Amino acid sequence: MTALYDFLIALGFDVYFVGQKTSDCTSNYVVIRDGITSAQYDSFNVGYTLVDIILYVPRNANSQMLPFKQQIKDALKAYKPLKYAGIETGTVPDDSVKGLTSSITYMWLKPLI
């Protein structure tokens, strides 16, 4: 996960791991969260971990969410360990940071053993 973090930081994105940022959302940022790990259908040697890329924009900047989401998706096309999983959430308010949030799910393909 740190390589993904470094990749996004190098591209100029404001990036955090889960629990790192707790202050109010005053500018766009990304939170990286790893999810379940699972084996591929017919193998226990190879599998994937789901990775959620959680996007935040300020509450008063709803029009920034879709372009921000597209920026992240375009950037991650160059990050070969991740494969787009085709799962995206809609935009919802997050009162805890006074922002709006959405997420994109990727699969991190990797050997399990």
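See the structure printed just above.
First, a word on what this report is: a plain description of the structure on this page. On a predicted model such as this, the values are computed, not experimentally measured, just so you know.

Examining the overall build of the protein
Thought 1: A count of helical and extended segments in the protein gives 2 helices and 6 strands.
Thought 2: Along the protein, helices and strands appear, N-terminal first, in the series α-β-β-β-α-β-β-β.
Thought 3: The C-alpha radius of gyration of the protein comes to 15 Å, within 12% of the 13 Å expected for a compact globule of 113 residues.
Thought 4: C-alpha atoms of the protein, sized along the principal axes, occupy 45 × 25 × 25 Å.
Thought 5: By the burial criterion, 37% of the 113 residues in the protein qualify as buried.
Thought 6: Of all intrachain contacts in the protein linking residues separated by at least 6 positions in sequence, the fraction that spans at least 24 positions is 58%.
Thought 7: Counting only carbon and sulfur atoms, one obtains 55% of the accessible surface of the protein, whose full area is about 6,600 Å².

Regarding the packing of aromatic side chains
Thought 1: Under the criterion given, the structure shown has 6 aromatic pairs.
Thought 2: Residues F7 and Y79 carry aromatic rings whose centres are separated by 4.9 Å and whose planes lie at 50° to one another, so their mutual orientation is tilted. Here F7 is found in helix 1 (residues 2–10), whereas its partner Y79 is found in the loop between helix 2 (65–76) and strand 4 (82–88), with 72 residues between them in sequence.
Thought 3: Aromatic side chains Y16 and Y29 sit 5.5 Å apart centroid to centroid with 85° between the ring planes, which places their arrangement in the edge-to-face category.

Focus: the pairing of strand 3 (residues 46–58)
Thought 1: With 10 of its 13 residues buried, strand 3 lies for the most part within the structure.
Thought 2: Inspection of the sheet shows strand 2 (residues 29–39) paired to strand 3 by 9 bridges, in the antiparallel sense. Following the sheet pairing, V31 is matched in strand 3 by I54.
Thought 3: Counted along the chain from strand 2 to the antiparallel partner strand 3, the turn is 6 residues long.
Thought 4: The pairing of strand 3 with strand 6 (residues 99–111) spans 13 bridges and is antiparallel. Bridged to L50 within strand 6 is M107.

Digging into the environment of P81
Thought 1: Tracing the chain through its elements places P81 in the loop between helix 2 and strand 4.
Thought 2: Relative accessible area serves as the criterion here: at 33%, P81 is assigned to the partly exposed category.
Thought 3: Residues P81 and L109, 28 residues apart in the sequence, show an inter-C-alpha distance of 6.2 Å.
Thought 4: In this view, P81 contacts M107, W108 and L109; residues no more than four positions away in its chain are not counted.

Quick look at the pattern of salt bridges
Thought 1: Counting across every chain of the model gives 6 salt bridges.
Thought 2: Note that K69 is salt-bridged to E88, the shortest N-O span being 3.4 Å. Taken together, the residues K69 in helix 2 and E88 in strand 4 connect sequence positions 19 residues apart.
Thought 3: Taking the relative accessible area as the measure of exposure, K69 reaches 8% and is therefore buried.
Thought 4: Where salt bridges share partners, they join K69, K73 and E88 into one cluster.

Criteria and thresholds
Residues numbered from 1 in each chain as written. Predicted model: local features only at pLDDT ≥ 70, side-chain atom pairs only at ≥ 80, totals over all residues. Heavy atoms only, no water. Helix = DSSP H or I, 4+ residues; strand = E, 2+ residues; numbered from the N terminus. Rg over C-alpha atoms; globule rule 2.2 N^0.38 Å. Buried < 20%, exposed > 50% of the residue type's maximum accessible area, 1.4 Å probe, protein only. Contact = heavy atoms within 4.5 Å. Areas by Shrake-Rupley, 256 points an atom, 1.4 Å probe, with all protein chains shown as cover. Phe/Tyr/Trp six-rings, centres within 6.5 Å; stacked < 30°, edge-to-face > 60°. Pairing = 2+ DSSP bridges. Salt bridge = Lys/Arg side-chain N within 4 Å of Asp/Glu carboxyl O.

Everything listed here is a matter of coordinates, which is why it stays silent on function.
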